[in-house]
Amino acid sequence: MILHEKIAEQLPAWRERMKALAKEHADVVVDHVTVGQVVGGMRDVKALVTDISYVDPAEGIRFRGMSIPEVLKALPKARGGKMPLVGGLYYLLMVGEVPTREQALEVEAEWARRAEIPDYVYKMLKSMPKETHPMTLFSQAVLALQNSSVFAAKYHEMKKDVYWEAALEDSLNLTAKLPLLAAFIYRMKYFGETKKMKYNPRQDYGMNFARMMKVEDKKGYADLARLYFILHSDHESGNASAHAMHLTGSTLSDAYYAFSAALNALAGPLHGLANQECLAWLLDVYKKFGGVPSRDDLYKYAWDTLNSGHVIPGYGHAVLRVPDPRFTAQMEFAKKNFPQDDLVRLADLVFEVVPQVLREQGKAKNPAPNVDAISGTLQYYYGVREFDFYTVLFGVGRALGVTANYVWARALGWPIERPKSLTTKMLEDIVAKAKQAVN
Ligand SMILES: CC(C)(COP(=O)(O)OP(=O)(O)OC[C@H]1O[C@@H](n2cnc3c(N)ncnc32)[C@H](O)[C@@H]1OP(=O)(O)O)[C@@H](O)C(=O)NCCC(=O)NCCS
């Protein structure tokens, strides 16, 4: 299988590099950690390694060294669409090289072979109470699939150096099933449809998803799905969902357990929910003014939001200091495909006005838009208007990056994570000692 072959070729050299770092340079200091970081969510503590993606504060995400515009340009496109094949992106994340069209299609074919979902998973989903949150259903379904983990089944007979092969099998089996699962949950929860779904091997990942979601404009939505899954795939290792997957995987839990943990982290309002909050804010503006407001009205509305003690969703970022290139890519998509849509025009006006308001307020370190400033608007345009489903979409995309990281973590033999804790008193003592040293 193509991904197996390509990773196996690279492994000896990567293992040598890791070995040198762990054995010969283990004492080299990377950075120092402040009290502020210890009590502040470990922000910016440099304690993780990944070669899959890197968030440059001045530029945004790079996948395997490539910026978003470079990725969108270089990857082979889906037949009949303008966006890349998702299989090509998975190849890039896993292998670190831009695939040929044939290589990207090989990944797509692997997915098509593995996309079957066992009956008991459908049964379990159907038996859940109607009001269950779609993220709960999604995470439960992933966990239910753990029965078929190759890694778990082979664990006792495998040597450590081949863990990654079983991890890759699980990752392909899992990612293959996610569009089906997500679309089934969507149709079941909001439309009461419980018929089993089928993945079509003649269609790519994006088109399969669009067809199963049954949106009216399948072709346009397939392109958006491809773009959306690609843009949401990875954002370094430190974000909550990626880190949850990494931590869980480090105990040698299999990809199903680990990805279910990642989804549970994504479900939190501080992580995967911001896109729906942003869309809700846009819709509130639209409703209040009966359409797209004037620049002045919007300026005042933005200030009212801030003065009422709320944040303006979709703006600001913990790491980035420029407009998120994932925002820019989606805005370009919208302007190319449906520039006259009122919500797109409104999102564009917000982009003109809000950074100025945030700059005047002077608090946000980054007054520019993040990925969430537009992503809900695009789903809304295609008729996917059930806000609580948006995190599921994010989850399908996020699986691509976190499973690539998971496979490489097993390949390079990353150990179980175990940071050290202190008591509050110990921390206070450290502060007192530091003060004494200064005086
Ligand atoms: C993304 C976010 C959580 C980053 O937080 P952060 O790293 O603490 O951001 P900053 O360091 O720039 O925050 C400094 C101050 O500016 C404020 N600020 C940042 N973004 C803001 C926004 N969009 N609207 C209003 N105030 C904002 C913060 O609340 C903070 O205020 P405080 O000092 O009173 O606590 C923050 O920008 C935010 O809440 N944005 C809106 C929600 C959102 O879009 N979330 C999706 C993130 S991908």
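Anything mentioned here points back to the structure above.
Residues numbered from 1 in each chain as written. Predicted model: local features only at pLDDT ≥ 70, side-chain atom pairs only at ≥ 80, totals over all residues.

A.B. asks: Go over the nonpolar core, please, and point to the residues and values.
C.D. replies: Formed by 132 residues in total, the largest nonpolar core has its most connected members in Phe-138, Ala-182, Ile-185, Phe-259 and Ala-262. Top contributing element to this core by residue count: helix α9 (residues 163-191), with 16 residues. Here this core spans two domains, and each of domain 1 (94-271 + 389-411) and domain 2 (274-381) adds at least three residues to it. Residues contacting Ile-185, with those up to four places away along its chain left out, are Leu-125, Pro-134, Leu-137, Phe-138 and Val-392. (Core = buried A, V, L, I, M, F, W, Y, C linked by C-beta atoms within 7 Å. Buried ≥ 20, exposed ≤ 12 C-beta atoms within 10 Å, placed from the backbone. Helix = DSSP H or I, 4+ residues; strand = E, 2+ residues; numbered from the N terminus. Domains from an automatic or database assignment. Contact = placed C-beta atoms within 7 Å.)

A.B. asks: How would you explain helix α11 (residues 218-231) if you had to name every residue and give the values?
C.D. replies: Residues spaced three or four apart along an α-helix face the same direction, because each turn holds 3.6 residues. Its 14 residues give α11 an end-to-end C-alpha distance of 20 Å, which sits within 8% of 20 Å, the value for a rise of 1.5 Å per residue. Taking burial as the measure, the 14 residues of α11 include eleven buried ones, the bulk of the element. In this fold, the buried residues of α11 make contact with α3 (68-74), α4 (86-95), α10 (205-213), α16 (325-337), α18 (372-381) and α19 (390-411). (Expected span 1.5 Å × (residues − 1).)

A.B. asks: Go over the environment of Ala-152, please, and point to the residues and values.
C.D. replies: For Ala-152, the position within the fold is in helix α8 (residues 150-154). Ala-152 gets classed as partly exposed once you count the C-beta atoms within 10 Å, which come to 18. Note: C-alpha distance between Ala-152 and Tyr-256 (104 residues apart in sequence) is 9.8 Å. Ignoring sequence-local partners within four residues, the contact set of Ala-152 consists of Gln-146 and Asp-254.

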